[in-house]
Amino acid sequence: MARKDKVFPVEIELFAPNNLEASVSGSFSDWEDIPMEKGEDGHFRTRLELPDGRHTYRFQVRSKSWFHEPDQWVTVIDPYATDVDAEAECAVLHTRDGFRIVDTFEWRHDAEQLPADRDLVIYEMHVGDFSGGEADPFQRGTFDDVTEKLDYLADLGVNAIEMMPVKEFPGTHGWGYNPRYFMAAESTYGATDRLKHLIDQCHARGMRVIMDGVYNHSDTGAPLALIDHDYWYHHDPKDPAMSWGPEFNYDHYDERLNVWPARQYIGDVGRYWIREFHIDGIRYDAARQIDNFDFLGWIVSETRKTAAAKPFYNVAEYIPSDPAVCGPDGPMDGCWHEPFLHAVTAAMLGEADFESLKNALDARRNGFAGAVSVVNYFGNHDHERVLVRLGERGILGPEAFRRVRLGAAMLMTAIGIPMLWMGDEFGVSSPKTVDPNKIDWRLLASEDNRGLREYVRDLIHLRKAHPALRSDELAFIHEDVERGVLAYLRWSADAPGGVVVVLNLSGNHLPGYRVTGFPSDGNWREWRNAFEVEVRERSAELDLPPYEACLLVME
């Protein structure tokens, strides 16, 4: 163990190639400025003699940003800071035996086998609102609170969590889509070792972790914007109507230093989160606004090289959806399938359009290659909860829950990777807001809410048990627009049998309804109650309650 009075050489640097002067001050200098020397590579550097421990510091630099006076001195936090004291406006440097460290966490579950992309069932969450605890639903959400709920998610059948951005953002509550410090974890959620503990515990349960990466833009107060805005960002927004902050310019190439500044920085960010936090995928926010397949292809390649042999899923929020982003020549593994949300939500509201719904259930009809190409959902952080929308139509109580079960059945049996928005699995119905909006876990005491959760859990376990529901194969076998019935077959060449899904998209009870087009005769099993349905001449009579799905399994 190092002695407390022993010091080690530690170099601090700042990349600012167009800036004339920079200095650093910190706890190690009683906050007196220490001039930094600029190298030909554009880096300002200084070497300090520091004891092991926690040190705080900040830079002063003559800004080249157009919104400052020429060469005006400004204070900035290190763009590469892995810990930030936002209130004190300084970066935090941790050293041990003379080396920079993030924390002293020890990973325990790196060897656990994780599910392949095709097998994922994703649960999107906002850490700050996900877990309030049953006794106090308004307690602040933290990484530890999420960890305490992992057994609940594992029992549900979820095998991947997708966290909304957890990089340090201004203020004490937000959704994180205004990142200011790209390598620092949001301090209100907990320290870095608590985030690592959460991820390690996910891996212990065979659960992957996908991080929301905001690479289109940053907060206006981000260090790079203060140092030299136009070196890393576009001078003006490409589309003012869709601008959320300074937009990274991935086309800018510095010939003198042979560097793509924005690519270099975001590449370093991506590699850092994979190496340091062992994440298993990235969801790329506003990928259509990035509008640069060359950059997206490059950053995806970097993530794959960094992740090495472990499974890693790169998925784009690319809205409106375009199969080109994840096609043979596209950069991504998959993208959010926004048409699914609109078509399935319409069906739940009693406004089903059969062609749109068929395109949603079989993403190949929208030009996508197959299951890994799309992430399906009927709820996410950007859209109002379906129970709220049903309530606005006066559809409440058991009737509303019946329609949510119909949507869940379509979600878990369509081609693609299913994703649930937190709380939708048990019928949270509070309107969406960016303000604190905790999940009320006490709802699970209600029969309707608990019953929905059990139904969704059973669907997930059926999906995970039956290869047909994870395949690229789907065929529509029966269509009755007039009476509102649609049926499709899911099958897999890798396993015998299949699953037939019959949807009653009407408000009418249809007893003794004959469904045709079954692939084979014999006794099919109803998925949940296990009663047998006799199929003869490839048809069967079924009792179809309004707004319900009937799933039949042939083993």
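Relevant structure appears above.
Report on the accompanying structure. (Residues numbered from 1 in each chain as written. Predicted model: local features only at pLDDT ≥ 70, side-chain atom pairs only at ≥ 80, totals over all residues. Heavy atoms only, no water.)

All right, on to the overall build of the chain then. Scanning the chain from terminus to terminus reveals 13 helices and 28 strands. For the chain, whose C-alpha radius of gyration is 26 Å, the value lies close to the compact-globule estimate of 24 Å for 555 residues. When its C-alpha atoms are laid out on the principal axes, the chain stretches across 85 × 50 × 45 Å. The proportion of buried residues among the 555 residues of the chain is 57%. When the accessible surface of the chain is totalled, it reaches about 22,300 Å², and 47% of it is carbon and sulfur. Across the chain, the centroid of the 57 positively charged side chains sits 3 Å from that of the 93 negatively charged ones. (Helix = DSSP H or I, 4+ residues; strand = E, 2+ residues; numbered from the N terminus. Rg over C-alpha atoms; globule rule 2.2 N^0.38 Å. Buried < 20%, exposed > 50% of the residue type's maximum accessible area, 1.4 Å probe, protein only. Areas by Shrake-Rupley, 256 points an atom, 1.4 Å probe, with all protein chains shown as cover. Lys, Arg positive; Asp, Glu negative; His and termini not counted. Charge placed at Lys NZ, Arg CZ, Asp CG, Glu CD.)

This brings us to the sheet that holds strand 12 (residues 160-163). If you trace the eight strands once around the closed barrel, you get 11-12-15-16-17-18-19-20, paired in parallel fashion. Between one strand and the next, the sheet's axes are offset by a mean angle of 30°, whatever the strand orientation. Bridge analysis of strand 16 (residues 281-284) against strand 17 (residues 313-316) gives four bridges, and the strand direction is parallel. In the sheet register, Arg283 faces strand 17, and the bridge partner there is Val315. Contacting strand 16 and strand 17, helix 8 (residues 293-307) crosses the sheet at an angle of about 165° to strand 16. (Pairing = 2+ DSSP bridges. Axes fitted to C-alpha atoms, helices over the stretch in contact; angles between N-to-C directions. Contact = heavy atoms within 4.5 Å.)

Quick look at the pattern of salt bridges now. Across all of its chains, the model carries 39 salt bridges by this definition. One salt bridge in this structure joins Arg118 and Asp472, with 2.9 Å as the shortest N-O distance. Separated by 354 residues along the polypeptide, Arg118 in the loop between strand 10 (99-101) and strand 11 (122-125) and Asp472 in the loop between helix 13 (447-465) and strand 21 (474-480) bring together distant segments of the chain. Looking at Arg118, the relative accessible area reads 31%, which means it is partly exposed. A relative accessible area of 24% means that Asp472 is categorised as partly exposed. Residues joined in a network through salt bridges with shared partners are Asp155, Arg453, Arg457, Asp458 and Arg528. (Salt bridge = Lys/Arg side-chain N within 4 Å of Asp/Glu carboxyl O.)

This part takes up the side chain of Lys167. Secondary-structure assignment places Lys167 in strand 13 (residues 167-168). Asp212 provides the closest opposite charge to the buried, unpaired Lys167, separated from it by 7.5 Å. With residues up to four places along the chain from it excluded, the contact list for Lys167 reads Tyr181, Phe182, Ala184, Glu186, Asp212, Gly213, Val269 and Trp273.

Moving on, we come to the environment of Asn18. Along the chain, Asn18 falls in the loop between strand 1 (7-15) and strand 2 (22-26). When the C-alpha positions of Asn18 and Ala88 are compared, they lie 27 Å apart, and in sequence the two are 70 residues distant. Ignoring anything within four residues of it in the chain, the contact list for Asn18 reads Lys38, Lys64, Asp228, Tyr231 and Arg256. There is a polar contact of 3.0 Å between the side chain of Asn18 and the side chain of Asp228. (Polar contact = N/O pair within 3.5 Å; in protein donor to acceptor, adjacent residues only side chain to side chain.)

Taken residue by residue, helix 10 (residues 354-361) has Phe354, Leu357, Lys358, Ala360 and Leu361 as its buried positions. Along helix 10, the residues classed as buried sweep out an arc of 160° about the axis, all on the same side. Looking at the buried side of helix 10, the elements it contacts are helix 9 (338-348), strand 19 (374-376), helix 12 (397-413), strand 21, strand 22 (485-492) and strand 23 (495-504). (Arc of directions from axis to C-beta.)

This part is about helix 5 (residues 223-232). Burial analysis of helix 5 places nine of its ten residues in the buried class, which makes it a mostly covered element. When helix 5 is considered as a whole, its buried residues turn out to be Pro223, Leu224, Ala225, Leu226, Ile227, Asp228, His229, Tyr231 and Trp232. Packing partners of the buried residues in helix 5 comprise strand 1, strand 6 (53-62), strand 7 (73-76), strand 14 (181-185) and helix 6 (261-277).

Turning our attention to the packing of helix 6 against helix 8. Viewed as axis vectors pointing N to C, helix 6 and helix 8 meet at an angle of 30°, and their least axial separation amounts to 9 Å. Taken together, the axes of helix 6 and helix 8 lie roughly parallel to each other. For the element pair helix 6 and helix 8, the recorded crossing hand is right-handed. The segment helix 6 lies against helix 8, with Arg263, Ile266, Gly267, Arg271, Ile274 and Arg275 engaging Asp294, Phe295, Trp298, Ile299, Glu302, Thr303, Thr306 and Ala307. Across the contact of helix 6 with helix 8, the residue classes tally to six nonpolar, three polar and five charged. (Parallel < 35°, antiparallel > 145°, perpendicular 65-115°, else oblique. Left-handed = near helix turned anticlockwise from the far one by under 90°. Nonpolar A, V, L, I, M, F, W, Y, C, P; charged D, E, K, R; others polar.)

Right, let's talk about the sheet that holds strand 1 for a bit. Strands sit in the order 1-5-4 across an open sheet of three strands; the sheet is antiparallel. Whereas interior strands pair on both sides, the edge strands pair on one side only; in this sheet they are strand 1 and strand 4 (37-38). In terms of strand pairing, strand 1 meets strand 5 (residues 43-51) through nine bridges, oriented antiparallel. Bridge pairing in strand 5 links Ile12 to Thr46.

Before going further, it helps to examine empty space enclosed by the protein. According to the stated counting rule, one finds three cavities of 30 Å³ or more in the structure shown. A volume near 70 Å³ is recorded for the largest cavity. Lining the largest cavity are 13 residues, with Asp129, Trp421, Met422, Lys432 and Asn437 positioned closest to its centre. Looking at the lining of the largest cavity residue by residue, the class counts come to five nonpolar, four polar and four charged. (1 Å grid on protein atoms, 1.4 Å probe; cavity = no way out; pocket = protein on both sides within 12 Å on 5 of 7 lines; lining within 4 Å. Points joined across faces, edges and corners; volume = space filled by probe spheres on them.)

This part covers unusual backbone geometry. Following Ile319, the chain continues to Pro320 via a peptide bond in cis, the omega torsion being 0°. You can see Pro320 is positioned in the loop between strand 17 and strand 18 (334-336). A positive phi angle, close to 55°, is found at Asp97, a residue other than glycine. Relative to the helices and strands, Asp97 resides in the loop between strand 9 (90-96) and strand 10. Exposure remark for Asp97: the relative accessible area of 41% places this residue in the partly exposed category. Located in the positive-phi region is Ala308, a residue other than glycine, with phi close to 60°.

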